[in-house]
Structure formats: structure tokens, C-alpha cells
Amino acid sequence: MAFDKMELRDIEVWDGNFAAAQAMRQVQIDVVAAYPITPSTPIVEGYAKFLADGYVEGEFVMVESEHAAMSGCIGAAAAGGRVATATSSQGFALMVETLYQSSGMRLPIVLNVVNRALAAPLNVNGDHSDMYLGRDSGWIQLDAYSPQEAYDLNFIAFKVSEDHDVRLPCMVHQDGFMTSHTAQGVKTFTDEVAYDFVGEYKPMNDMLDLDHPVTHGVQTEEDWHFEHKARQHNDLMTKVMPKIQEVFDAFEELSGRKYNIVEQYDMDDADVAVVCMGTSVETAREVAKEMRAEGIKAGVVGIRVLRPYPFAQIIEALKDIKSIAALDRSSPNGAPGMLFNELAGALYNTDSKATLSGYVYGLGGRDLTKAHLTDLYKELQANADAGKVLTPLQQFIGVRGPKLTFL
Amino acid sequence: MLEIRWHSRAGQGAVTGAKGLADVVSTTGKEVQAFAFYGSAKRGAAMTAYNRVDDKPIMNHEKFMHPDYVLVIDPALVYTTDITIYDKEETVYIITTHMSTEELVASQPRLAGKTVHTVDCIKIAQDTIGRPIPNTPMLGALMKVSGMYEIDFFKDNMVRVLSKLPQKIVDANMDAIQRAYDEVK
């Protein structure tokens, strides 16, 4: 079956969902097994339309649940195909069992996760609860802050994930609605350039290679289970980051767009820094610039690669900072936030004397305004001046009612 | 930074209108952003959509804004929602209504003293497109009031934006845009 090329303008006005769908078309995915869910629906819908219109050569498998969607992806990937799908929130939660299967079976699947809150109460809007739920699943997790990045990171995800030294599945995260349904200018690649960057898929240990029979989905008990898990962890800890860096470098050479494992904005001489993910990184960048006009040396650190966790890069980014805020867009439900804990874990054995305070914000799509961030930077400056955290260690931003603080 | 807020009902095409506007503006080299508040929107529910336009990349993702323009494409929203929320002194309103501007302002005291333009996008859409989808005519009215682009340049670009629709519908939309451009007061 032949397929048509699509003529794109150099800059298209796309939302994050359509940007991801276009990237999935351009890398010519063989199989998408999907069960659509808000707000990620338009990604698989877009791929299905491209397929129906003859722009891609592949198979769209309609399934009865997200558990079946990822199961279908696992089967297709084990068979030897380039495979991807998309989900959000409850759908992601239902996929969790199969997420561990796909990473443990070392199948390079790309999953676009359009981040959304987890019920109850039911909510379709963007927060990072689903992204946080996936963080121990053995997948690589890349985070996009804008439609352009949702497009770019898809190519990067396939190239990293499918590398024979890596062979681990990869999630590309974007913020529900704030990125997925927000249209902005996206610089595009031609179909040839996009496909050539990722390259033809070279399967490894594929079941349809009948000359070399293999077994997938095996059982190992105490005799071998630990070795398999240790090997997977080893590869995540040692092989993935160098590969991501290599692909980031190649991508910059191709596009001029530079990605970093940990993004740093205005950090060269910063005293105070906000560490966050998603669209909040960009809003914080704008506020940090405004704070500098008020004499506060403000910077922003964006986590681009959440898993594997960029331990060394975080330490480097924060080494000269006096006061740090960790912003978690997911309810920790009885603990400090994930970023708070992981920044503390990274900095604890270093010479850093920085204060560290945690903030929970934006649950269920609650707006993070520039005014919130302005107040936060002022609080950080006060902490820096005092050399200690003057507030409780955990605060909630933007929740109605009496101010909520803990610890 | 130019900021626009749309007041609409789900199904009236505010999101398509906002994205169409962003698409046309983007061709002139500017940076754009178009988004909406959805909730789990049911057809007919009141909703808002937004545009930002700037010469430099738009980093701000907050949903909050003090709009330069407020575009209302459903007449009843003037009474059932606060279309003046977070406005500023210079905010310009373009409101779909069958009434004159004076009658409209008299019927909604919140609009007193504000810069208000009126145009009947619902009737224009029914006359031209055959359905009460008032989004494209509102863009024609915006071109007239704001002077953002020449109407012919804008229509040429909207033909491209709407190119997936049947030719008859595209032509009807162009008539709707032109009529609203001519009729807005």
C-alpha cells in the first residue's frame, strides 16, 4: 500500500494534540491500538484520519479499554512493529499493569500522555497526577511545555526508545488543555526530513522473525526475576541519559531547537529558583524576567526528562542557588510532593545550603497565574535573605478557603 | 501583547474562530496562542475562548487575562454571564445582538461607559451559511473594528483555513465575514 506525502507550511498553527498526531504520521507508525479519552482523543483520532486518508501505512486497532490498548501495542511491538498510542488520566490508570509489562519486556512503544487529573471527583482538566503515577513503571518520561515541544519530543522519543542499547518504552507528556488544546505556531519538518531523523524501524528479538524464534512474556521467580529488574534499572541509570543527550544534539543540529535533560532559564546568576514541569515552566520564565526588574535574581528549572531521574543534572543546575521552590501539580496525598522529595534527595549529600520549600498547585486544571508566581518568588527571596525557610515546608497555591500549609 | 476573550456557547464555533484567527495572524510572522475553557462542555453551555498575539514568543500559559477585545457571539450571554469581568478601561466589546448599541447598553447597565460595537452575527450566519454559527462573521466585525488586517487579505487567508469544507460553505462564510465587516456599528 502506497501512502501520500502531506505538504505542510513552515509554521503551522497547531494544538499539542494535533502536533503529536502529525509526528505520529511522519514517523509512519505501523500499529496504533487505542481507546480514546479526553483530552488525548484528538491524537489517535488524528492518526486514524491520516490512515483513512492514505497518508500513513499502518493499522489502527480499536479496542475495548486502555488496558487492551496497551496490550495490543505490546503484541504489535513484540511482533516487530513501530508502535504508539495516546491516553490520559483514568485511561492511563487502567493501563498501569501493562505499562510494567511493556517496559519489562523491553518493547520500544511511544505513549503520548496528555496529562489530566485523576478522579474522584471526576475532572477532565490538566494536572500531573497521571504523569506521577507512571514514574516507577520503567518507562522513559519526557515532558513537553508547548505544542512545538510535543511535536519535537515525539521524534526524539522514537529515536531514543528504539535504540538497540535502550529498548525501553517512552512517554511524551503534555499538559491537558493548556498544551493539548492550545493552538500555537509549530515549526514543522517535511515528511522526508522527519522520517529520516527517526529512521527505519529495526526490530530486535521480534516474534515475526521466524528464523530466530524467541519467547516473550516469560515467568521468572526468585531464580531470575531480580536480575531482570536490576538489568532494566541499570540500563535506565546508565544507558538512557547518554542516548537522550546524543539525540538532543542531533535534533538541535537538524532543527536549531535545543533541548536539555534539565532546562535552565536565567539560572547563570540566580539566587532563587522555581523547579516545575509542563506549561508552568514557560509562565514562570516570563515571571522570572519580571522579577529581575524588581531586583530579585530569579531563575527557572524545568524538568525535561522525569525518568530516568536527572540526579546529576539537578545537582549541577541548583548548586549555587540560595532558595528553591519545588512545584508539584499532583496531590501527594499524605506526603511532601514528589519534586520536593526528589530535589531533597539529590541535594542532601552535596554542599548546597539552599532552602527548599514545596508547593502543591494547579490540581484539576486550576490556573497558575503570574500573580501566584510573583508572590512565590518574593517568598523565596525572603527565605534566601533569612537563610532558612520562613514558611511551612508544604503550601498550597490557588486553593480557595483558609490557606493550607503543612509540615 | 494583544489579548482577546470570546464568550460563546459550546457548539457556536468560538474555538474554531479563535484558532482560525490565530492561523491567519501567524501567517504575518506574529506569535499566536488560541485556547478555551471547556470543562466537560455540553452543547449550549456557556464557555470562553481566548487569543493572545505578540511579536515575541508567548510564554504565558495562565488562563487569566485583562482582554483588549471581548467578542460575544451569543446574544443572551450579555445577561447570563459577566462579560465585563477582568476588563480594563480600553477594552473594546463587539457583541452579537439584534438591538442597536444604545438599546443593548440600556438593557445591560454593566456596559455603560464602555466601548461597545454591535453586529447581528446570528442573523448574518443564518442568512448566508444557513445555520446560526456566528464565529466567522464575528471575525469580519473584528477586522473592521480593530483595523488588524485589510478585509481582502483576511478573507483570502480564511479561505485557506476553511479549505477542508465544501466550496459552497466556504463561499457562504466569506459572504458572512464581508457582511459583518460592513454592518458592524
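Structure first, text after, so check above.
None of the values given here were measured: they were computed from a predicted structure.

A.B. asks: Could you give an account of the nonpolar core, naming the residues involved and the relevant values?
C.D. replies: Residue and element names in this part refer to chain A. In this structure, Ile140, Leu142, Phe155, Ile156, Ile244, Leu318 and Leu343 are the most contacted members of the largest nonpolar core, which totals 77 residues. Per-element accounting of this core gives the leading share, eight residues, to helix H6 (residues 147-161). Mapping this core onto the domain boundaries places at least three of its residues in each of domain 1 (11-188 + 223-255) and domain 2 (262-406). Discounting chain neighbours no more than four positions away, the residues touching Ile244 are Ile140, Leu142, Val160, Ile261 and Val305.

A.B. asks: Can you tell me about the pairing of strand E6 (residues 140-143) of chain A, naming the residues and giving the values?
C.D. replies: All names here are of chain A. Residues Ile140 and Leu142 line one face of E6 and the alternating positions Gln141 and Asp143 line the opposite face, and both faces are buried. By the bridge criterion, four bridges tie E6 to strand E7 (residues 170-175) in an arrangement that is parallel. By the bridge assignment, Ile140 is partnered in E7 with Cys170. With respect to chirality, the unit in which E6 leads through H6 into the neighbouring parallel E7 is right-handed.

A.B. asks: A description of the side chain of Ser102 of chain A should follow, citing residues and the corresponding values.
C.D. replies: Residue and element names in this part refer to chain A. For Ser102, the location among the structural elements is in helix H4 (residues 89-104). For Ser102, the side chain forms a polar contact with the main-chain oxygen of Leu99, separated by 3.0 Å. In contact with Ser102, not counting residues within four places along its chain, are Met70, Ile74, Leu107, Ile109, Trp139 and Pro169.

A.B. asks: I'd like a description of helix H7 (residues 167-183) of chain B, backed by residues and values.
C.D. replies: All names here are of chain B. In a regular helix each residue adds 1.5 Å, so 17 residues correspond to 24 Å; H7 covers 24 Å between its end C-alpha atoms and thus fits that length. Three or more residues of H7 are buried, namely Val170, Ala172, Asn173, Met174, Ala176, Ile177, Ala180 and Tyr181. Looking at the buried residues of H7, the elements they touch are strand E6 (115-119), helix H4 (121-128), helix H5 (135-146) and helix H6 (151-161).

A.B. asks: Run through the interface of chain A and chain B, naming residues and quoting values.
C.D. replies: Listed as interface residues are 24 residues of chain A and, on the opposing side, 20 residues of chain B. Here chain A meets chain B over a buried area of about 1900 Å², counting both sides, of which 51% is carbon and sulfur. The largest contributions to the chain A side of the interface with chain B come from Arg9, Val13 and Asp367 of chain A, which together make up 24% of the buried area. There are two salt bridges connecting chain A and chain B. A total of five residues in the side of chain A that touches chain B trace back to one element, the largest contributor, which is helix H10 (residues 279-293) of chain A. Residue composition of the side of chain A that touches chain B, grouped by class: eight nonpolar, nine polar and seven charged. Strand direction decides the pairing type here: strand E8 (residues 183-187) of chain A and strand E2 (residues 31-37) of chain B, joined by two bridges, are antiparallel.

A.B. asks: Tell me about a nonpolar patch on the surface, and please be specific about residues and values.
C.D. replies: Together, Leu393, Val399, Leu404, Phe406 and Leu407 of chain A make up an exposed nonpolar region whose accessible area comes to about 410 Å². Looking at where Val399 of chain A falls in the secondary structure, it is placed in the loop between strand E15 (394-397) and strand E16 (405-406).

A.B. asks: Lay out the packing of aromatic side chains with the relevant residues and their values.
C.D. replies: All names here are of chain A. According to the stated counting rule, one finds 17 aromatic pairs over all chains in the structure shown. Relative to Phe251, the ring of Phe189 has its centre 5.6 Å away and its plane inclined at 85°; by these criteria the two rings are edge-to-face. Separated by 62 residues along the polypeptide, Phe189 in the loop between E8 and helix H7 (191-198) and Phe251 in helix H9 (residues 240-255) bring together distant segments of the chain. Judged by relative accessible area, Phe189 falls into the buried class, the value being 7%. According to the relative accessible area criterion, Phe251 is buried, its value standing at 0%. The rings of Trp14, Phe18, Phe50, Tyr151, Phe155, Phe189, Phe197, Phe248, Phe251 and Tyr259 are connected pair by pair, giving a single aromatic cluster. Arg25 extends its terminal NZ or CZ atom over the ring of Phe50, reaching a point 5.6 Å from the ring centre. We note Arg304 situated over the ring of Tyr145; from NZ or CZ to the ring centre the distance is 3.9 Å.

A.B. asks: Run through unusual backbone geometry, naming residues and quoting values.
C.D. replies: Residue and element names in this part refer to chain A. Going from Ala119 to Ala120, the amide bond is cis rather than trans, its omega being 0°. Inspection of the secondary structure assignment puts Ala120 in the loop between strand E5 (109-115) and helix H5 (129-133). Cis geometry is adopted by the peptide bond preceding Pro308, which originates at Arg307 and carries an omega value of -5°. In this fold, Pro308 is placed in the loop between strand E12 (305-307) and helix H11 (311-318). Despite not being glycine, Gln28 shows a phi value in the positive range, around 55°. Its place among the elements puts Gln28 in the loop between helix H1 (16-26) and strand E2 (31-34). Positive phi values are uncommon outside glycine, yet Asn333 reaches one of about 45°.

A.B. asks: Outline a negative patch on the surface, listing residues and values.
C.D. replies: Residue and element names in this part refer to chain A. A cluster of acidic residues, Glu221, Glu222, Asp223 and Glu227, forms a negative patch at the surface. With respect to the secondary-structure elements, Glu222 resides in the loop between H7 and helix H8 (225-238). Given a relative accessible area of 78%, Glu222 falls into the exposed group.

Here is what the cut-offs are and how they apply
Residues numbered from 1 in each chain as written. Chains lettered and ligands numbered in written order. Predicted model: local features only at pLDDT ≥ 70, side-chain atom pairs only at ≥ 80, totals over all residues. Heavy atoms only, no water. Core = buried A, V, L, I, M, F, W, Y, C linked by side-chain atoms within 4.5 Å. Buried < 20%, exposed > 50% of the residue type's maximum accessible area, 1.4 Å probe, protein only. Helix = DSSP H or I, 4+ residues; strand = E, 2+ residues; numbered from the N terminus. Domains from an automatic or database assignment. Contact = heavy atoms within 4.5 Å. Pairing = 2+ DSSP bridges. Right-handed = clockwise from strand over helix to strand, strands pointing away. Polar contact = N/O pair within 3.5 Å; in protein donor to acceptor, adjacent residues only side chain to side chain. Expected span 1.5 Å × (residues − 1). Buried area = accessible area lost by both parts, 1.4 Å probe. Salt bridge = Lys/Arg side-chain N within 4 Å of Asp/Glu carboxyl O. Nonpolar A, V, L, I, M, F, W, Y, C, P; charged D, E, K, R; others polar. Patch = residues over 30% accessible without salt bridge, like charges linked within 9 Å, V, L, I, M, F, W, Y side chains within 5 Å. Areas by Shrake-Rupley, 256 points an atom, 1.4 Å probe, with all protein chains shown as cover. Phe/Tyr/Trp six-rings, centres within 6.5 Å; stacked < 30°, edge-to-face > 60°. Lys NZ or Arg CZ within 6 Å of the ring centre and 35° of its normal. Lys, Arg positive; Asp, Glu negative; His and termini not counted. Charge placed at Lys NZ, Arg CZ, Asp CG, Glu CD.

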